Amino acid sequence: MSIASIVPLEDGWEKIKNEGIKVLEEYLDSGHIRAAVPQNKDPKKPKNVFSKANYAELYTIVYNMCTQRTPNNWSEQLYRRYGEAMSEYVQRQVLPALKEKSDTPLMKELLHRWSNHKIYVKWMDRFFTYLDRYYVKLQSVEPLHNRGYLIFQSLVFDVCKRDTRNALLRVINQERQGEHIDTDLVKGVIEMFIDLGLSSLNVYNTEFEESFLPDTSEYFIRQASGWLMEDSFPEYMRKAEAALNAEETRVTNYLHRSTQPKLKHVVIQALLSRPQPQLLEKETGVVYLLDNDKREDLARMHRMFSLVDNGLNPIATIFRQYVTDRGNKIVDERVEQQKQMTSKTEMLADPSFIQTLLDLHDRFKGIVQECFSQDSLFQKSLKEAFEVFINRDIGKYSFACLMSSFCDRILKKSGERLSDDQVEGLLLKMVELFSFLSDKDLFAEIYRNQLSKRLLYETSASEDAEKSMIAKLKMKCGAQFTSKLEGMINDLTLATDLQKEFKDHCDKLDEGRSALGGIDFGVTVLTTGFWPSYTVQDANLNPQMQKAIQVFHNFYNGRTQHRRLQWIHSLGQATISAKLNNRRHDLIVNSYQALILLLFQGNETHNLAFIQGATGLDAAYTKKLLATLAISKYKILNKSGDPKTIEDDATFTPNDTFQCQHRKIKIPPPTQEETHNKERVEEDRSIAIEAAIVRIMKMRRQLSHQQLVTEVLTQLAFFKPNPKLIKQRIEHLIEREYLERDPNQASNYRYLA
């Protein structure tokens, strides 16, 4: 049996001091390591100051001194002497080395001493591991590693932190001004601030960041002031972006990542937020960039000011006003041009005005997409700007009319020769422009009228294009908006099928073709609700026409008992063979024109009264029909008297001197009154307003006048009524006892079930 000998405090400490602490201090001061200590083959790994045997011996001494029974347990004394030895070395060797140093030399020496101190703490922690593991935990005192760092902080760092911080700030500002600095040195010193926080950023935040951020702010405020005076708006933005990127890189290179959002905020405030009003007032500001289409600079401006709280709002306001001004200028020019135009054709046939607006929208939509990243704020500004001038009063022919006529031109055979892709592109742009229009219902009415002409007169260039346009309108405004347009397209498909069935029916008749009076006869059946309303003129049809119509009546009545046919001869088309000046021509006319021409089988002469009586048409319309045959481009008939007007006593004969190279001649019918009219649209609007009022009041039961008006305006998608009109409809509903006024509050309404 053996008993371990007691290690006295002084003997044990002497051994630790001589074999451990002094050897370590000698290495830190001179770099000398005893030859007997083996080293790592990898030079990148830290050097071994002690061999494993040296380390084990020192660890064992500490272990024995800490595990002896009281009164020979020296744990408390060793804990105290650990700090005393380290403090004594710092005061003896470190503080004198730092004395009277400043700026970069101070940082270099401090970083060197801090690196040494970390080695000192690492080895001391290893020797005193047992003390750290048991005594520290039992007594709840500072762990040895932390104690070692706190000694450096209190004896070294607190003494030179102010000079070190100032040196750091100076070096960082030098780098901002383009000078080359030792980033590894700065990074090392910054890491010392972080390490001294002992797993928290208190030291870094308090001793560095709280000075660094205000210093950064002052620096960039000075920079901004100089740039504002010297540089253009685009150049300022380039410098500001470069500065912001440089600060981001600075964080990556040597600052703690927690500084990044705070530093970014400081730079944004100094370079963008504070000087924004002066920047936007510069001659080379937003308007200059838009005027010169500086897209790269516009994109940079958006990127930068999106970093500022509400920074984009004033820019969006300028953008909206700019677009509004450009649009108003185009509209003003159009209004002036219209004063010089005399004919309706001249006003509606010129596509340049709408095309200019499409180009304008294209340009600014491109800017919003490319430069403003589809920002909803700028999309809203663009929409509001276009809504201002697209809904201006421009005289007799409204925007709705001009837009619809532009579409008509694209979709007609006689219009521009465009490829399918070009047509599709233009229609897409038109629907975008149309979305800004308040009078969508008026556009729908005019468009329906023009579509009907394209479909019935077979002047539509492409059925696919027609369907594509309707699909786009449906996507924008809903199925209710396009139901009639879709019905018209569908009607013609059904009419084609019906015509085939009618032809088969005629083929089976005993008389064959003679059952139709010897003429080729086709019928297009339309559904009244889908198509515009047409004026019906009664006429005395010739026997062949009457016979053909009767055959179709019999056929149609055999298919259905619930529908009534109403014949609209003004939309009918007839091809009449004529021999004029010994030349054969096929004249393509409407049914009424055909009735007049059929009165001239030979060289007859007829006066107006006879023609009117024979056809059964009224005098005014008969004159219009005769004008198309005797006065217009193709003079099929000769007339007596004034060659430019149809007089009441005028006589007509076939024109035997008629000359035309073409066999087929299409003679346009008289221009009809527009089937859309403001009164009808206003009537439809009144109905829509009343329906909206009743819907809202039925649900809400009671509302104030202002609330009701607001909700009605929200519900009406296809037009924006004047609040006065809404008030009139409310009064009308009160008269009809749908609503009543609150007896105690006249501005409130109640719903009457």
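Data block above holds the structure.
This is a predicted model, so every value here is computed, not measured.

**Examining the pattern of salt bridges**
Inference 1: Tallied over the entire structure, the rule returns 47 salt bridges.
Inference 2: Of the charged contacts, one joins lysine 161 and glutamate 207 as a salt bridge, the two residues approaching to 3.2 Å between their closest N and O atoms. Placement of lysine 161 in helix α6 (residues 144-176) and of glutamate 207 in helix α8 (residues 202-230) is noted, with a sequence separation of 46 residues between them.
Inference 3: Under the relative-accessibility criterion, lysine 161 is labelled partly exposed at 22%.
Inference 4: Looking at glutamate 207, the relative accessible area reads 16%, which means it is buried.
Inference 5: Sharing partners across several salt bridges, the network here consists of Glu235, Arg238, Glu241, Glu296, Asp297, Arg300 and Arg303.

**Remarks on the sheet that holds strand β5 (residues 651-654)**
Inference 1: The 3 strands lie next to each other as β3-β5-β4, forming an open sheet whose pairing is antiparallel. A strand with exactly one partner marks an edge of an open sheet, and here the two such strands are β3 (606-607) and β4 (637-639).
Inference 2: Two strands pair when backbone bridges link them, and β3 and β5 are joined in this way by 2 bridges, in the antiparallel orientation. In the sheet register, histidine 606 faces β5, and the bridge partner there is phenylalanine 652.
Inference 3: Helix-sheet contacts for helix α26 (residues 619-630) involve β4 and β5, and the interaxial angle to β4 is about 110 degrees.

**Quick word on the sheet that holds strand β8 (residues 739-742)**
Inference 1: If you trace the 3 strands from one edge of the open sheet to the other, you get β7-β9-β8, paired in antiparallel fashion. Of all the strands in the sheet, the pair left with one neighbour each is β7 (702-704) and β8. Within the sheet, the average angular offset between the axes of one strand and its neighbour, ignoring direction, is 35 degrees.
Inference 2: Relative to strand β9 (residues 745-751), β8 is paired through 4 bridges, and the arrangement is antiparallel. Bridge pairing links aspartate 742 to glutamine 745 in β9.
Inference 3: Set on the sheet, helix α28 (residues 705-715) makes contact with β7 and β9; between it and β7 the angle comes to about 95 degrees.
Inference 4: Strand contacts of helix α29 (residues 723-735): β8 and β9, with the helix running at about 100 degrees to β8, the strand carrying the most contacts.

**What about the packing of aromatic side chains?**
Inference 1: Applying the stated criterion to the full structure yields 35 aromatic pairs.
Inference 2: Aromatic side chains tyrosine 55 and tyrosine 59 sit 6.2 Å apart centroid to centroid with 45 degrees between the ring planes, which places their arrangement in the tilted category. Residue tyrosine 55 and its partner tyrosine 59 are both found in helix α2 (residues 52-67); the two are separated by 4 residues, about one turn of the helix.
Inference 3: The class for tyrosine 55 is partly exposed, based on a relative accessible area of 28%.
Inference 4: Take tyrosine 59: its relative accessible area is 21%, and that puts it in the partly exposed class.
Inference 5: Measuring from ring centre to ring centre gives 5.0 Å for tyrosine 219 and phenylalanine 220, while their planes differ by 85 degrees; the resulting arrangement is edge-to-face. Of the two residues examined, tyrosine 219 and phenylalanine 220, each falls in the buried class.
Inference 6: Linked through ring pairs, Phe502, Phe521, Phe552, Phe555, Tyr556 and Trp567 together constitute an aromatic cluster.
Inference 7: Above the plane of the ring of tyrosine 79 lies arginine 147, whose end atom (NZ or CZ) is 4.5 Å from the centre.

**Considerations on the pairing of strand β1 (residues 573-580)**
Inference 1: Only one face of β1 is covered, namely the one carrying Ala574, Ile576, Ala578 and Leu580; the face carrying Gln573, Thr575, Ser577 and Lys579 has none of its residues buried.
Inference 2: Bridging between β1 and strand β2 (residues 583-590) involves 8 bridges; their strand directions are antiparallel. Following the sheet pairing, alanine 574 is matched in β2 by valine 589.
Inference 3: Once β1 ends, the chain turns through 2 residues before running back antiparallel as β2, passing asparagine 581 with a positive phi of about 55 degrees.

**Examining the packing of helix α18 (residues 399-411) against helix α19 (residues 420-434)**
Inference 1: Contact geometry for α18 and α19: axes closest at 11 Å, N-to-C directions at 170 degrees. Judged on the interaxial angle alone, α19 and α18 are roughly antiparallel. Between α18, through Met403, Phe406, Cys407, Ile410 and Leu411, and α19, the contact on the second element is made entirely by Val423, Leu426, Leu427, Met430, Leu433 and Phe434.

Calculation rules
Residues numbered from 1 in each chain as written. Predicted model: local features only at pLDDT ≥ 70, side-chain atom pairs only at ≥ 80, totals over all residues. Heavy atoms only, no water. Salt bridge = Lys/Arg side-chain N within 4 Å of Asp/Glu carboxyl O. Helix = DSSP H or I, 4+ residues; strand = E, 2+ residues; numbered from the N terminus. Buried < 20%, exposed > 50% of the residue type's maximum accessible area, 1.4 Å probe, protein only. Pairing = 2+ DSSP bridges. Contact = heavy atoms within 4.5 Å. Axes fitted to C-alpha atoms, helices over the stretch in contact; angles between N-to-C directions. Phe/Tyr/Trp six-rings, centres within 6.5 Å; stacked < 30°, edge-to-face > 60°. Lys NZ or Arg CZ within 6 Å of the ring centre and 35° of its normal. Parallel < 35°, antiparallel > 145°, perpendicular 65-115°, else oblique.

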